[in-house]
Amino acid sequence: MNQGADTVFADAALALELFLIAPRQLGGLVLRGPGPARDTLIERLAATAMVRRLPAHVDDDRLLGGIDLAASLAAGRTIPQPGLLDEVSGGVLLVPMAERLPAAIAGRLAQARDSGARPFGLVLLDDGQGPDEMPSPALADRVAFLADLGFARPDESTFPADRLTLAAVAPLDDSALAALAETAAVLGIDSTRVLLFAQAAARAHAALQGRRLVAENDLQIAARLVLAPRATRMPPPVEEPQEEPAGQSSDQAENPNSDEQGSSQPLTERIIDAALAAIPPDLLARLAQGAARRGSKGSGGGQRAKSKLRGKPLAARPGMPRGGVRLALIDTLRAAVPWQALRRREAGERAPEGMLVRKSDLRVRRFENRAAAVTVFCVDASGSAAMARLAEAKGAVELMLAQAYVTRSEVALIAFRDSAAQVLLPPTRSLTRAQNALASMPGGGGTPLAAGIAAARAVADAVAARGSTPLIVFLTDGSANVAADGSPGRARAREDAEAAARGMAATGHPALVLDIAPRPRPEAEALARSLHARYLPMPMADGAAMRRAVELARVGT
Amino acid sequence: MARFPFSAIVAQDEMKLALLIAAIDPAIGGVMVFGDRGTGKSTAARALAALLPPIAVADGCRYYCRPEEAGSCPDPCHSNRSVKVAVPFVDLPLGATEDRVLGALDLERALRAGEKAFEPGLLAKAHRGFLYIDEINLLEDHLVDLLLDVAASGQNIVEREGLSVRHRAQFVLIGSGNPEEGELRPQLLDRFGLSVEVRTPNALEQRIEIMRRCAAQEADPEGFAAAWQDEEAKVLRQIARGQKLRAGLVVPDAVMADISALCQAVGADGLRGELTLMRAARAVAALKGAKAVRREHALEVAPMALRHRLRRDILDETGSTVRIERAIAELFG
């Protein structure tokens, strides 16, 4: 099931060729992973299409076009400024660092692509590491191909030169459509947009090969390039494929042209096989993480400490009103007034009526806003901690989420037990999602405290990198008996936990240790000291009490 | 780019019904659509807007004044001529700022000519049409508050930067979102009139039909539109007839009693549920050309009118739809 590095590159190169044949229908590509392979593909793209790079700091005015305020003021008449989307029309927009693209800009791009008024292709360069850093789902859903290049090496792949246009290829027949639809169903792909991409990709591949009719090979390519990277579940094992098709064959029996359907069954299986061969090797890991592909950034935009848009007003400062920053009118006029006589003399006869305002006079408003809070629960789910504690932690998480929308906070949950720690719930505000994730939370086994601390630190770092403030809440009795590498042994386990705790304290993330032992012992207090965390013994706590404690700690930070 | 015909949208019957009800009775208070990406939510909303007959506006009016109301907007418009324009469909982008939504001081004119002029925002553009907000659950809270307030009052009042402007903004608010990616506050949910859940059609035959129709539409947009013209005209006639019928329909006391009993049984908070259900029942009866509102009309729209108003019970994971259906079965067998 694993694929060699060279097929990775060949597939990505093929996807690029298909995209160039049908840019409007296929939308674009996500190219994940930096490296020479990606550079080679971008060179090839630039050689055939008009490419514009999206600057990381782009704002609304620059993207959509607007008024060139500085030039308009100097000239005394409106000078429009075309937006990047006007300039890229008919070409390809290259989005570097797509995983860090602000939600507002991603939303604009998605909308511009949907409207189709200024058609453009989208190539997202994704430098994200790990499932926490993904390009905005709103954009990834609007391009046909997701290619994870990893460390692939570029090679010379050549493609036929005498290709057809997409329009020259006949539409897919019913059996081909059925094969694609069934494959998507087996892989758990819900989006109909993806189906349309697969259909277009099959036709584009036929066009690339100079064929007017779509052949089985084209469908296999479409399944491999479009459907496989989006699989959300593994199909049932090949040995017993009767289950899934059996349900469908009853549908098909009612179908009038069943003779044609009969021949589609083996075709479908071959297409599914083609998709299976290309399923990313880490799919199972990702599925275990609970649909990590879904953006967990359910927090809207602009929750930085210094907000440009909302919050407590601060003093105005010089700057250009753009990207949602609002002009402080009074301050601007105040800045311009002293210069009026001088400017009028300078401008002489040509002076327009009214105030003479220059770019240097412009003042913009600033606001101070509280950063979003993310509470990371790190729960000891081992045998030494009573199973009941786990249920209480779940209760606390759900109670906090029930009002997360009001407090604009998010909650994450990590459990450590046996030999490792597991992120059960990545930071989220969604109660629905939390309930799904918490439905089966296993307990029992050893206490790998060091692993739990390390996992909490990783989540907290990711939260801080996004501009929010993490608060880590440990629910433990502080006694460790599994070392960082998963081997048992009390002494080493304690050393490792101590080291992990000191490392964590160095990051400066605020933390809270809730000692959940029935009779508080010194270990948890020692842990809190190493973590530079507050220590709170809670022998009788229930979910509601825990929530109150966390909220008090939050106010204190 | 040619729009996809409304009647050619495969399945999604509940969402189509909700949109039609909103078209017949815009006062229903908007439609919230829950569902995954790529399930045709915005396609359906756009298609309905494109289907509706053009509206008459005073020539050159930036606020889409009705010809008989010419001169009543902040501009004000003084043309006696009326022109036909397509029903507005405004797509509110994620990350839109308050300025763009509400409208703001026209900076350029203010600085250059010293005039205090108002530049209308998206709310003015949506007047008499549809305002579609994809991923409303990711929109900043204060914007959602503001939108719902304007949608409920039908007026946009701007008091800022020394401006004092009010203009009409009556539109059908359509929000969409995926509850897995963050939820909407219950208070806000309650303000939506109807809510529907959209799923990808599971039946293979439907998914194939979607692909087939999209391919046909792409290959020949005009031909496709022509092929669906009759169906589209049928929907249009149905809407026109419904709009006419609705005004004359009264909800009989017996049906009112049913509605109250149902709301009580499912524990829908507040009166808004009953009012919306009554309105929706009347609209659906009008849509079907019925002479009177009957119990079956109310029951048909009960899930979409009440689903989002049930009190959330953390411990009960039964879906809202199931709870409503259960109550219907218990009450009315």
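Starting afresh in each chain, residues are numbered from 1 along the sequence in its written order. Here chains are named by letter from A upward and ligands by number from 1 upward, in the order in which they appear as written. A pLDDT threshold of at least 70 governs which residues receive local features in this predicted model, and a stricter bar of 80 or more applies before side-chain atom pairs are shown or counted, although totals over entire chains, interfaces and linings include all residues. In computing side-chain values, all of the structure's heavy atoms are included and hydrogens and water are not.

S.K.: Teacher, can you tell me more about the overall build of chain B here?
M.R.: Helix and strand counts for chain B stand at 14 helices and 11 strands. The C-alpha atoms of chain B give 21 Å as radius of gyration, which agrees with the globular expectation for 333 residues (20 Å, within 12%). Seen along its three principal axes, the alpha-carbon backbone of chain B occupies a region of about 70 × 50 × 40 Å. The buried label goes to any residue with under 20% of its type's maximum accessible area, the exposed label to any with over 50%, and the partly exposed label to all in between, with areas taken from a 1.4 Å probe on protein chains only. A buried classification covers 55% of the 333 residues belonging to chain B. Here, residues are in contact when the closest pair of their heavy atoms is within 4.5 Å. Taking the intrachain contacts of chain B between residues at least 6 apart in sequence as the baseline, contacts between residues at least 24 apart amount to 75%. The method behind every accessible area is Shrake-Rupley, applied with a 1.4 Å probe, and residues are considered shielded solely by the protein chains displayed. Carbon and sulfur atoms make up 50% of the accessible area of chain B, which totals about 14200 Å². Counted charges follow a simple rule, with Lys and Arg positive, Asp and Glu negative, and His plus the chain ends left uncounted. Where a charge lies is defined by one atom per residue type, namely NZ (Lys), CZ (Arg), CG (Asp) and CD (Glu). Charge centroids of chain B, computed over 42 positive and 47 negative side chains, lie 5 Å from each other. We count a stretch as a helix when DSSP gives it H or I for four or more residues in a row; a strand needs E for two or more, and each element gets its number in order from the N terminus. Each radius of gyration reported is based on C-alpha atoms, and the globular scaling rule is 2.2 Å times the count of residues to the power 0.38.

S.K.: Would you explain the sheet that holds strand 16 (residues 534–537) of chain A in this entry?
M.R.: Strand-to-strand pairing in sheets goes through backbone hydrogen bonds, with the strands running parallel or antiparallel. All names here are of chain A. Across the sheet, 6 strands lie side by side as 13-12-11-14-15-16; this open sheet has mixed pairing. The open sheet has two edge strands, strand 13 (420–428) and strand 16, and neither has a second partner. Direction aside, neighbouring strands of the sheet carry axes that sit 15° apart on average. Two strands pair under a simple rule: DSSP has to find at least two bridges between them. The pairing of strand 12 (residues 409–417) with strand 13 spans 6 bridges and is classified as antiparallel. The residue bridging Ile414 from the neighbouring strand is Val423, located in strand 13. Inter-axis angles, ranging from 0 to 180 degrees, are taken between N-to-C directions of lines fitted to C-alpha atoms, where helices are fitted over the stretch in contact. Seen against the sheet, helix 22 (residues 522–531) touches strand 14 (469–476), strand 15 (511–515) and strand 16 and runs at an angle of roughly 180° to strand 15.

S.K.: Even after reading the chapter, I still don't get the domain arrangement of chain B, so can you show me in this structure?
M.R.: As a measure of interface size, the accessible area lost when the parts come together is often cited. Residue and element names in this part refer to chain B. In this document the domain limits rely on a domain assignment from an automatic tool or a database. For chain B, the domain assignment lists domain 1 (6–52 + 87–198) and domain 2 (253–332). Taken over C-alpha atoms, the centre of domain 1 sits 25 Å from the centre of domain 2. In this assembly, 19 residues from domain 1 lie in contact with 17 residues from domain 2. When two parts are put together, the accessible area they lose, computed with a 1.4 Å probe and summed over both, is reported as buried area. Of all residues in domain 1, Leu17, Asp190 and Ser195 bury the most surface against domain 2, accounting for 29% of the area lost on that side. Every case where a carboxyl oxygen of Asp or Glu lies within 4 Å of a side-chain nitrogen of Lys or Arg is listed as a salt bridge. Our enumeration of links across domain 1 and domain 2 arrives at 3 salt bridges. A salt bridge links Arg307 to Glu197; its shortest N-O distance comes to 3.6 Å. Contacts described as polar in this section are N or O atom pairs within 3.5 Å, which, within protein, must combine one atom able to donate a hydrogen with one able to accept it, while residues neighboring in sequence count only if both atoms come from side chains. Here domain 1 and domain 2 share 9 residue pairs in polar contact (both at pLDDT 80 or more) between them. For the side of domain 1 that touches domain 2, the elements supplying multiple residues, two or more each, are helix 1 (13–24), helix 7 (186–191) and strand 11 (194–198). All residues other than Ala, Val, Leu, Ile, Met, Phe, Trp, Tyr, Cys, Pro, Asp, Glu, Lys and Arg, Gly among them, are scored as polar; the first ten of these are nonpolar and the last four charged. Looking at the side of domain 1 that touches domain 2, its residues break down into 11 nonpolar, 2 polar and 6 charged.

S.K.: Which parts of the structure should I look at to understand the packing of aromatic side chains?
M.R.: Two measures describe an aromatic ring pair: the distance that separates the ring centres and the angle between the ring planes. Residues and elements named next belong to chain B. Aromatic rings from Phe, Tyr and Trp, with only the six-membered ring used for Trp, were paired whenever their centres fell within 6.5 Å, and each pair was classed as stacked if the ring planes differed by under 30 degrees, edge-to-face if by over 60, and tilted otherwise. Inspection of every chain in the model, using the stated rule, returns 3 aromatic pairs over all chains. Taken together, a centroid distance of 5.6 Å and an interplanar angle of 35° make the contact between Phe4 and Phe224 tilted. Of the two residues, Phe4 is situated in the segment before helix 1 and Phe224 in helix 9 (residues 221–227); the sequence distance between them amounts to 220 residues. Under the relative-accessibility criterion, Phe4 is labelled buried at 15%. With a centroid separation of 6.0 Å and an interplanar angle of 25°, the aromatic rings of Phe89 and Tyr132 are classed as stacked.

S.K.: Whenever I open this one, the pattern of salt bridges confuses me. Can you help?
M.R.: Any two side chains of opposite charge can pair if their charged atoms end up close together. For the structure on display, the rule yields 26 salt bridges over all chains. The residue A:Arg38 makes a salt bridge to A:Asp127 at a minimum N-O spacing of 3.0 Å. You can see A:Arg38 sitting in helix 3 (residues 36–48) and its partner A:Asp127 sitting in the loop between strand 6 (121–126) and helix 8 (137–140), a full 89 residues away along the chain. Note on A:Arg38: relative accessible area 8%, which makes it buried. Its salt-bridge partner being B:Glu231, residue B:Lys234 comes within 3.4 Å of it at the nearest N-O pair. Pair noted here: B:Lys234 and B:Glu231 are both in helix 10 (residues 229–248), with a separation of 3 residues, about one helical turn. Each member of the salt-bridge network shares a partner with another, and the members are A:Asp174, B:Glu209, B:Arg212 and B:Arg213.

S.K.: Even after reading the chapter, I still don't get the nonpolar core, so can you show me in this structure?
M.R.: Note on soluble globular proteins: their nonpolar side chains tend to be buried together. Residues A:Leu18, A:Leu26, A:Phe145 and A:Leu227 are the most contacted members of the largest nonpolar core, which totals 73 residues. Apart from the residues within four sequence positions on either side, A:Phe145 is in contact with A:Ala15, A:Leu18, A:Phe19, A:Leu26, A:Gly28, A:Leu29, A:Val30, A:Ala201, A:Leu225 and A:Val226. What we call a nonpolar core is a set of buried Ala, Val, Leu, Ile, Met, Phe, Trp, Tyr and Cys residues that are connected through their side-chain atoms within 4.5 Å. B:Leu20, B:Leu52, B:Val196 and B:Met278 belong to the second largest nonpolar core, which has 71 residues in total.

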